[in-house]
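Below, each chain spelled out in residue letters.
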Amino acid sequence: MAQYLVLLYEDEAGWQAGGPAAEAGLKAHKEFAQKHGDVLRGGNALQPTSTATTIRDGVVTDGPFAETKEALGGYYLIEADDLDRALAVAKDVPAPFGGVEVRPIMTFD
């Protein structure tokens, strides 16, 4: 079986504002994990981009690699028979403040 990384790109302001939308988002993530627990192999939410440290050409700087409206906020690692199945699971990933990207994990023999 292949593994796929589902990357969540969202506007951090929505989560930081809290309130009903953020509470509903957290509830939706718990429901997603229960529904698709059989294919989930991991996942985490990330701290805000303000906590990021970037290294480029050996130089360390505070902050994210790029300033964007939507930032990588978390991920799920899933295992699926093929891309179609991975996409079916990814369509259920809650992203109330943005969207998701699905990428196959590269394997090296």
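What counts, and at which threshold
Residues numbered from 1 in each chain as written. Predicted model: local features only at pLDDT ≥ 70, side-chain atom pairs only at ≥ 80, totals over all residues. Heavy atoms only, no water. Core = buried A, V, L, I, M, F, W, Y, C linked by side-chain atoms within 4.5 Å. Buried < 20%, exposed > 50% of the residue type's maximum accessible area, 1.4 Å probe, protein only. Contact = heavy atoms within 4.5 Å. Helix = DSSP H or I, 4+ residues; strand = E, 2+ residues; numbered from the N terminus. Phe/Tyr/Trp six-rings, centres within 6.5 Å; stacked < 30°, edge-to-face > 60°.

Student: What is the right way to look at the nonpolar core in this model?
Tutor: Where a protein is soluble and globular, its nonpolar side chains tend to be buried together. With 13 residues, the main nonpolar core has V6, F32, Y76, I78 and V93 as its most contacted residues. Aside from chain neighbours lying at most four places away, what touches V6 is G74, Y75, Y76, I78, A90, V93, V100, E101 and V102.

Student: What am I meant to see in the side chain of T54 here?
Tutor: Here T54 lies in strand β3 (residues 53-56). Among the residues examined, T54 registers a relative accessible area of 13% and is labelled buried. The residues contacting T54, other than those within four sequence positions of it, are V59, V60, T61, G63, P64 and F65.

Student: So what exactly am I meant to see when it comes to the packing of aromatic side chains here?
Tutor: We describe a pair of aromatic rings using the distance from one ring centre to the other and the angle between the two ring planes. Within this structure, the stated rule accounts for two aromatic pairs. The interplanar angle of 75° and the centroid separation of 5.2 Å between the aromatic rings of W15 and F97 together place this pair among those described as edge-to-face. Of the two residues, W15 sits in helix α1 (residues 12-17) while F97 sits in the loop between α3 (83-90) and β6 (98-104), which places them 82 residues apart along the sequence. Measuring from centroid to centroid gives 4.7 Å for F32 and Y76, while their planes differ by 50°, and the two rings are tilted. One end of the pair, F32, is in helix α2 (residues 19-35); the other, Y76, is in strand β5 (residues 71-80), with 44 residues separating them in the sequence. Across the pair, exposure class does not vary: F32 and Y76 are buried alike.

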